[in-house]
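Tertiary structure, described
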Amino acid sequence: MSTVQCCMCGKKDLSTIEGDGGTECELSDGRWTCGIDCYVRATETPMEEGLWRFWNEKAKTYLAERDSLKALCDEMAKALEEAKFALFSSDMTIKDRADQSMRLALAALAKAKEADHG
Ligand SMILES: [Zn+2]
């Protein structure tokens, strides 16, 4: 459950998950607004410029999250390659390392999933 609050109207429990269709937006100084009206008031910009900045901020956050997800996918692909290689190897060290890589990748995935729902 999020405890984020709108810095303008005081609305509580704002959704901080990007891409869920919500209108909440984090300001560059770390404050949150519940929607475009509060965003414009908080940043004291004209409506049109506010709208542009609002979606610009949201797109930036979304892209940053997508990048970290892509990095995670790369990690998992690497771990999978190691595992495939280890499958046909008689070297226990290689098997152990592949096993560890898979575990690390899975742990990272579990953490990302947790953060997504937190
Ligand atoms: Zn608000």
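One can find the structure itself at the top, above this paragraph.
For the structure given in this document, a descriptive report is provided here. (Residues numbered from 1 in each chain as written. Predicted model: local features only at pLDDT ≥ 70, side-chain atom pairs only at ≥ 80, totals over all residues. Heavy atoms only, no water.)

Notes on the coordination of the zinc ion
Looking at the metal site, the zinc ion is ligated by C6 (SG), C9 (SG), C34 (SG) and C38 (SG), spaced 2.3 Å from it. The coordination sphere of the zinc ion comprises 4 donor atoms, whose angles at the metal cover 105 to 114 degrees; the geometry is tetrahedral. One chain supplies every donor to the zinc ion, and in sequence these donors are spaced C-x2-C-x24-C-x3-C. In this pair, C6 is assigned in the segment before β1 (25-26) and C38 in helix α1 (residues 36-43), connecting sequence segments 32 residues apart. When sorted by exposure, C6 lands in the same class as C38, which is buried. (Donors = N, O, S within 2.8 Å, 3.2 Å for Na, K, Ca; no water. Tetrahedral: all angles 85-135°; square planar, octahedral: opposite > 155°, others 65-115°. Helix = DSSP H or I, 4+ residues; strand = E, 2+ residues; numbered from the N terminus. Buried < 20%, exposed > 50% of the residue type's maximum accessible area, 1.4 Å probe, protein only.)

So, unusual backbone geometry
Its identity as a non-glycine residue notwithstanding, D13 has a phi of 55 degrees, on the positive side. With respect to the helices and strands, the residue D13 is situated in the segment before β1. Of the residues examined, D13 reaches a relative accessible area of 44% and is grouped as partly exposed. If you check the backbone angles, E44 has positive phi at about 50 degrees while not being a glycine.

Focus on the packing of α1 against helix α2 (residues 47-87)
Here α1 crosses α2 at 105 degrees, and the two axes come no closer than 9 Å. When the axis of α1 is compared with that of α2, the two are roughly perpendicular. Counting all contacts with α1, which are made through I36, D37, Y39 and V40, the residues of α2 involved are M47, G50, L51, R53, F54 and E57. Residue composition of the contact of α1 with α2, grouped by class: 6 nonpolar, 1 polar and 3 charged. (Axes fitted to C-alpha atoms, helices over the stretch in contact; angles between N-to-C directions. Parallel < 35°, antiparallel > 145°, perpendicular 65-115°, else oblique. Contact = heavy atoms within 4.5 Å. Nonpolar A, V, L, I, M, F, W, Y, C, P; charged D, E, K, R; others polar.)

What about α2?
The end-to-end C-alpha separation of α2 is 60 Å, in line with the 60 Å expected for 41 residues at 1.5 Å each. Listed as buried for α2 are G50, F54, E57, K58, L72, A79 and A86. (Expected span 1.5 Å × (residues − 1).)

Things to note about the side chain of E24
Note on placement: E24 falls in the segment before β1. Here E24 is buried and forms no salt bridge, its nearest opposite-charge partner K11 lying at an N-O distance of 4.7 Å. Contacts of E24, omitting those with residues within four sequence positions, involve L14, S15, W32, T33, C34 and K58. (Lys, Arg positive; Asp, Glu negative; His and termini not counted. Salt bridge = Lys/Arg side-chain N within 4 Å of Asp/Glu carboxyl O.)

Observations concerning the side chain of T45
Counting through the fold element by element, T45 comes out in the loop between α1 and α2. Note on T45: relative accessible area 9%, which makes it buried. Within the structure, the side chain of T45 is placed 3.1 Å from the side chain of T43, a separation counted as a polar contact. When residues no more than four places from it in sequence are discounted, the contact partners of T45 are V40, G50 and R53. (Polar contact = N/O pair within 3.5 Å; in protein donor to acceptor, adjacent residues only side chain to side chain.)

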